[in-house]
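Listed below are the residues making up each chain.
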Amino acid sequence: MENLSNFQLLEYAAWGISAVLGLWMLFDMLRTNHVYSEQTLLSSKEGEIEDVLVIDPPHQGGHR
């Protein structure tokens, strides 16, 4: 690894970051699988918007 150019150093750094992110995603997947049941992970209600989660209340019914 003598005389590495800046580009080669950046390339190795990018591969290192990719490996770390891949391991982090694998760890997070395993942790999530362990913490939550299969039924909880598959019980999403797609397309529904909860009124509780509205961030800007004036847009619900207008201003007073």
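Residues numbered from 1 in each chain as written. Predicted model: local features only at pLDDT ≥ 70, side-chain atom pairs only at ≥ 80, totals over all residues. Heavy atoms only, no water.

**Q** Outline the overall build of the protein chain, listing residues and values.
**A** A count of helical and extended segments in the protein chain gives three helices and zero strands. Mapped in sequence order, the helices and strands of the protein chain form the string α-α-α. In the protein chain, buried positions account for 0% of the 64 residues. For the protein chain, the exposed area adds up to about 6700 Å²; of that, 61% sits on carbon and sulfur atoms. (Helix = DSSP H or I, 4+ residues; strand = E, 2+ residues; numbered from the N terminus. Buried < 20%, exposed > 50% of the residue type's maximum accessible area, 1.4 Å probe, protein only. Areas by Shrake-Rupley, 256 points an atom, 1.4 Å probe, with all protein chains shown as cover.)

**Q** If you had to explain the pattern of salt bridges to someone new, which residues and values would you point to?
**A** Opposite charge on two side chains lets them pair, provided their charged atoms get close. Following the criterion strictly, the structure yields one salt bridge and no others. Ionic pairing is found between arginine 31 and aspartate 28, a salt bridge with its closest N-O pair at 2.6 Å. Taken together, the positions of arginine 31 and aspartate 28, both in helix α1 (residues 6-35) and three residues apart, correspond to about one turn of that helix. Judged by its relative accessible area of 30%, aspartate 28 falls in the partly exposed class. (Salt bridge = Lys/Arg side-chain N within 4 Å of Asp/Glu carboxyl O.)

**Q** Go over the confidence of the model for the protein chain with me, naming the residues and quoting the values.
**A** Within the protein chain, residue pLDDT values average 78, and 66% of them lie at 70 or more. Ranking the elements of the protein chain by mean pLDDT puts helix α3 (residues 58-61) last with 60 and α1 first with 95. For residues 49-53, every residue scores under 50 in pLDDT, and the model assigns this stretch one contact once sequence neighbours within four places are set aside. (pLDDT = per-residue confidence, 0-100. Contact = heavy atoms within 4.5 Å.)

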